[in-house]
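Understanding the architecture of this molecule
Below, each chain spelled out in residue letters.
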Amino acid sequence: MGEEQLEVLFEETRLFQPPEEFRAQANVQSAGVYEEAAADSAGFWARQAERLTWFEPWSKVLEWNPPFAQWFVGGKLNAAYNCLDRHLDGWRRNKAAIVFEGEKGDSRVLTYQDLHREVSQFANVLKSLGVQKGDRVTIYLPMIPEAAIAMLACARIGAPHSVVFGGFSAEALRDRIDDAQAKVVITSDGSFRRGSVVPLKANADNALKQVQCVEHVVVVKRTGIDVEMQDGRDVWYHEAMENASANCPAEPMDAEDMLYILYTSGTTGKPKGVVHTTGGYMVGVTATHQMIFDIKEEDVYWCTADVGWVTGHSYIVYGPLANGATVLMYEGTPDYPNKDRFWQIVEKYRVTILYTAPTAIRTFMKWGTKYPESRDLSSLRLLGTVGEPINPEAWMWYYKNIGLERCPIVDTWWQTETGMVMMTPLPGITALKPGSATVPFPGVNVEVVDKDGQPVPKGSGGYLVIREPWPAMLRTVYGDPDRYVSTYWSRWQGIYFTGDGAKWDEDGYFWVMGRVDDVINVSGHRIGTAEVESALVDHPAVAEAACIGKTHEVKGQAVAAFVTLKEGVDVQAGFVDELKGHVAKKIGALARPDDIFFTAELPKTRSGKIMRRLLRDIAEGRALGDTTTLADAGVVNQLKEKYADEG
Ligand code: PRX
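Residues numbered from 1 in each chain as written. Predicted model: local features only at pLDDT ≥ 70, side-chain atom pairs only at ≥ 80, totals over all residues. Heavy atoms only, no water.

Section: the sheet that holds strand 15 (residues 272-277)
Spatially, 12-11-8-6-7-14-15-23 is the arrangement adopted by the eight strands of the open sheet, whose pairing is mixed. Only two strands of the sheet have a single partner each, and these edge strands are strand 12 (234-236) and strand 23 (476-477). As defined by bridge partners, strand 6 (residues 137-140) adjoins strand 8 (residues 184-188) across four bridges and the pair is classed as parallel. From the neighbouring strand, isoleucine 139 faces strand 8, where its bridge partner is isoleucine 186. Packing against the sheet, helix 6 (residues 145-157) makes contact with strand 6, strand 7 (161-163), strand 8, strand 11 (216-220) and strand 14 (258-264), and its axis sits at approximately 170° to strand 6. (Pairing = 2+ DSSP bridges. Helix = DSSP H or I, 4+ residues; strand = E, 2+ residues; numbered from the N terminus. Contact = heavy atoms within 4.5 Å. Axes fitted to C-alpha atoms, helices over the stretch in contact; angles between N-to-C directions.)

Shown next, in the form of structure tokens:
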């Protein structure tokens, strides 16, 4: 969506009250929690902080020097200790922490005690490889327990991790390793993908050809494919673990010590390293996870995200494990070996809470109800979504066919930067509206403002902003505090700009419409237009490129690219595929454009700025918006005709 399209009409919506049965057992049953937090948010967060075990107490809840925040000042804690050690005193030590389902149907259960042992051993392995407190470690792994083990081992010794999604290319990995100046990379020989193998180690080797900082590579054997092991640099995980001691005390970390860096796309070609610290982040994810997912000891909680994204960090690893939950982790895709794979897993493990993305739900809708109908989904009691706006039709389908009209749906709005869910229903008390992420979490202050930063009245739309600091907020952009200030805090002084457009309705419910900046949300994954453009321009035949997000039935948005070629380039058959492949090679398959259109010129303002909103209008087949600033009006007319022919 473009900045110009904030005006979207509200549909008549039906309210869904939490079912009585659910309400009566919910972790949060009193709406008083909202008022209580609104009256004293610092007090509210201080009470939430009591969920954690601190080595030393904090002296002040919040130190706010806009836009730099410190939470739980002076407090000392360790994230891995909170996720593991403190559960070992009582019966929880024998509780399943991670229930792993492999793509091939292989299964593995790690109790809290098992996980504690493996994490401690691996922390010692990292130490033996020279990793010290403060050193960065890049993790490039499939969805296997070792991904969580590696993250927690880093946290245990105070080495910030940077997890890079396994679908990213060697070049994307290289940039992220280099930006973080990682000392160690943890990868696997390969990862399973619909029965074939993606060569992760070979990608890592390619990435490492051009960086100097990495001293060692730890390789988990997952697929058994042949890999080259570089003498002195590379070590096998299983060999290193054989003799590693299981005794590794958790390092006391300052509340503001860095827990991790996570790269995300922004409006320039260079991904931003979002920095999260320890205390506030752990408080935020633990409290939200417990209250939003209504987590109980006996739940089997399944978040289908990949650990490579923030959802995996906050709601597969840190939040759930700090709450002592049983987390299901699935390695594969929803359609392998069959399209009922998710429902087979729900049935097999009696999953009670399912947290997934709208894009997956729309895919299931397309496949039809016969797949979920063929499985026993009666164990489910709560559903969640995240990553992009959910259309009411998909919400209703999920509610009916997966939740069997019994389960509340928590539509959770948040970002890599926010670290924790910011808007969501609390499932025992908040009435639901299909398509709305409902209201801010207690203690969170979200608003819709106009272009001057003034709050808009109920019933209208504008920019989604966050008014006050929150505990899990990003602290900076790694190595680039100026970018932190300019990206998030400069549009309006002292207000955090989310990059999203939203409306709020007469009931004060929020409706997030999508990005208003140059970020495309493909299947819930953020891709910067500038990143795809620079990948295209990197191809020798391309002179200039402009990318936009185009509405897509399943993915939410798809990348469409408008490309001008260099003089004399002759477009041969297969060239479009070559260009698409080039983008996938540079960034990863998730950024592959769906459509590429060639044009002699791109529409620009007189000062030379590409007018993407006109490209969006063309791609969506809409009437063109204001064209008065266009340098050459002929360009868009030609493009429009061409697009109508080819599109
Ligand atoms: O546009 C919003 C959309 O995803 C963006 C954040 O993307 P990312 O940092 O990759 O994190 C995704 C997982 C937290 C937001 O700016 N978004 C996320 N959740 C929702 C959403 N849009 C509408 N409704 C949501 N529930």
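Quick look at the packing of helix 10 (residues 279-292) against helix 11 (residues 310-322)
Look at helix 10 against helix 11: their axes get within 8 Å of each other, and the N-to-C directions meet at 85°. One way to sum up the angle between helix 10 and helix 11 is to call them roughly perpendicular. When helix 10 is examined against helix 11, the residues Tyr281, Met282, Val285, Thr286, Thr288 and His289 are found in contact with a partner set consisting of His313, Ser314, Tyr315, Tyr318, Gly319, Pro320 and Ala322. Its residues placed into classes, the contact of helix 10 with helix 11 shows seven nonpolar, six polar and no charged. (Parallel < 35°, antiparallel > 145°, perpendicular 65-115°, else oblique. Nonpolar A, V, L, I, M, F, W, Y, C, P; charged D, E, K, R; others polar.)

Some details on the packing of aromatic side chains
How two aromatic rings sit relative to each other is given by the distance of their centres and the angle of their planes. Evaluated as defined, the whole model comprises 43 aromatic pairs. Aromatic pair tryptophan 54 and phenylalanine 72: ring centres 5.6 Å apart, planes at 55°, arrangement tilted. Within this pair, whereas tryptophan 54 is found in the loop between helix 3 (41-49) and strand 1 (60-65), its partner phenylalanine 72 is found in strand 2 (residues 68-73), the two being separated by 18 residues in sequence. For tryptophan 54, a relative accessible area of 15% puts it in the buried group. Ring-pair connections join several aromatic residues into one group, and the members of that group are Trp64, Phe68, Trp470, Tyr484, Tyr488, Trp489 and Tyr496. Of note, lysine 221 hangs over the ring of tryptophan 236, and the distance from its end group to the ring centre comes to 4.7 Å. (Phe/Tyr/Trp six-rings, centres within 6.5 Å; stacked < 30°, edge-to-face > 60°. Buried < 20%, exposed > 50% of the residue type's maximum accessible area, 1.4 Å probe, protein only. Lys NZ or Arg CZ within 6 Å of the ring centre and 35° of its normal.)

Let's talk about the state of the cysteines
If you walk through the whole model with that rule in mind, you get zero disulfides. Residue cysteine 303 stays outside any disulfide, its sulfur separated by 14 Å from that of cysteine 83, the closest cysteine. (Disulfide = S-S within 2.5 Å.)

What to know about the site of the ligand
Around the ligand, the structure places 17 residues, and the nearest of them are Asp411, Thr412, Thr416, Asp500 and Arg526. Take proline 389: an N or O atom from its main chain is 3.4 Å from a nitrogen atom of the ligand. Surface burial for the ligand is 96%, taken as the share of its 540 Å² of free accessible area covered by protein chains. Sorting the residues of the shell around the ligand by element identifies helix 11, strand 20 (409-412) and strand 25 (510-515) as the ones contributing at least two each. Within the shell around the ligand, the residues separate by chemical class into six nonpolar, six polar and five charged. (Near = heavy atom within 4 Å. Polar contact = N/O pair within 3.5 Å; in protein donor to acceptor, adjacent residues only side chain to side chain. Areas by Shrake-Rupley, 256 points an atom, 1.4 Å probe, with all protein chains shown as cover.)

Details of the nonpolar core
Grouped together as the largest cluster of nonpolar side chains are 120 residues, with contacts concentrated most on Trp45, Phe122, Leu152, Ile186 and Tyr318. The leading source of residues in this core is helix 6, at ten residues. If you look at the next biggest cluster of nonpolar residues, it comprises 41 residues, including Phe165, Ala172, Leu200 and Leu208. (Core = buried A, V, L, I, M, F, W, Y, C linked by side-chain atoms within 4.5 Å.)

Section: the pairing of strand 27 (residues 525-528)
Side chains on a regular strand alternate between the two faces of the sheet. In the sheet, strand 26 (residues 519-522) pairs with strand 27 via four bridges, with the strands oriented antiparallel. Pairing of valine 522 across the sheet is with histidine 525, part of strand 27. In this antiparallel pair of consecutive strands, strand 26 and strand 27, the connection spans two residues, and serine 523 shows a positive phi of 50°.

Overview of the sheet that holds strand 24 (residues 496-504)
Spatially, 21-22-24-25 is the arrangement adopted by the four strands of the open sheet, whose pairing is antiparallel. For this open sheet the edge positions go to strand 21 (446-449) and strand 25, each flanked by a neighbour on one side alone. Taken pair by pair, the neighbouring strands of this sheet meet at an average axis angle of 45°, ignoring direction. Both strand 24 and strand 25 contribute to a ladder of five bridges, which runs antiparallel. Residue pairing in the sheet places aspartate 500 in a bridge with arginine 515 of strand 25.

Points about the pattern of salt bridges
Any two side chains of opposite charge can pair, on the condition that their charged atoms come close. Considering all chains together, one arrives at 46 salt bridges under this definition. One salt bridge in this structure joins arginine 233 and aspartate 205, with 2.7 Å as the shortest N-O distance. Residue arginine 233 is located in the loop between strand 11 and strand 12, and its partner aspartate 205 is located in helix 8 (residues 200-208); the two are separated by 28 residues in the primary sequence. We note that arginine 233, like aspartate 205, is buried. Connected through salt bridges with shared partners, the residues Glu171, Asp538, Lys585 and Lys586 form a single ionic network. (Salt bridge = Lys/Arg side-chain N within 4 Å of Asp/Glu carboxyl O.)

What to know about the domain arrangement of the protein chain
By the assigned domains, the protein chain splits into domain 1 (20-502) and domain 2 (518-646). Each side of the interface is counted separately: domain 1 has 24 residues, and domain 2 has 22 residues. Summed over both partners, the interface of domain 1 with domain 2 buries about 1700 Å², with 46% contributed by carbon and sulfur atoms. On the surface where domain 1 and domain 2 come into contact, there are three salt bridges. Linking arginine 526 and glutamate 417 is a salt bridge whose minimum nitrogen-to-oxygen distance equals 2.9 Å. The tally of links between domain 1 and domain 2 comes to 13 residue pairs in polar contact (both at pLDDT 80 or more). Those elements giving two or more residues to the side of domain 1 that touches domain 2 turn out to be helix 7 (170-180) and helix 13 (358-367). Per-element tally for the side of domain 1 that touches domain 2: the top contributor is helix 13, with four residues. When its residues are assigned to classes, the side of domain 1 that touches domain 2 shows four nonpolar, 13 polar and seven charged. (Domains from an automatic or database assignment. Buried area = accessible area lost by both parts, 1.4 Å probe.)

Describing the environment of lysine 270
By secondary structure assignment, the location of lysine 270 is in the loop between strand 14 and strand 15. Distance in space between the C-alpha atoms of lysine 270 and leucine 141 is 22 Å, their sequence separation being 129 residues. If we skip the residues at most four places from it in the chain, lysine 270 touches Asp179 and Arg483. A polar contact of 3.0 Å, which involves the side chain of lysine 270, links it to the side chain of aspartate 179.

Quick notes on helix 3
Of the residues making up helix 3, those classed as buried are Gly43, Phe44, Trp45, Ala46, Gln48 and Ala49. On its buried face, helix 3 sits against helix 2 (32-39), strand 1, strand 2 and helix 10.

Focus on the side chain of threonine 326
The topology assignment puts threonine 326 in strand 17 (residues 326-330). Here the side chain of threonine 326 touches alanine 96 through a polar contact of 2.7 Å, landing on its backbone oxygen.

Quick notes on the confidence of the model for the protein chain
Residues shown with low pLDDT carry predicted positions that ought not to be read at fine detail. When the pLDDT values of the protein chain are averaged, the result is 94; 98% of them are 70 or greater. This stretch, residues 1-11, has a pLDDT under 50; its non-local contacts, to residues over four places away or in other chains, come to 32 contacts. (pLDDT = per-residue confidence, 0-100.)

Side note on the environment of aspartate 632
If you trace the backbone, aspartate 632 turns up in the loop between helix 19 (612-620) and helix 20 (633-646). Between the C-alpha atom of aspartate 632 and that of alanine 97, which follows or precedes it by 535 residues, the distance is 61 Å. A distance of 3.0 Å separates the side chain of aspartate 632 from the backbone nitrogen of glycine 634, its partner in a polar contact.

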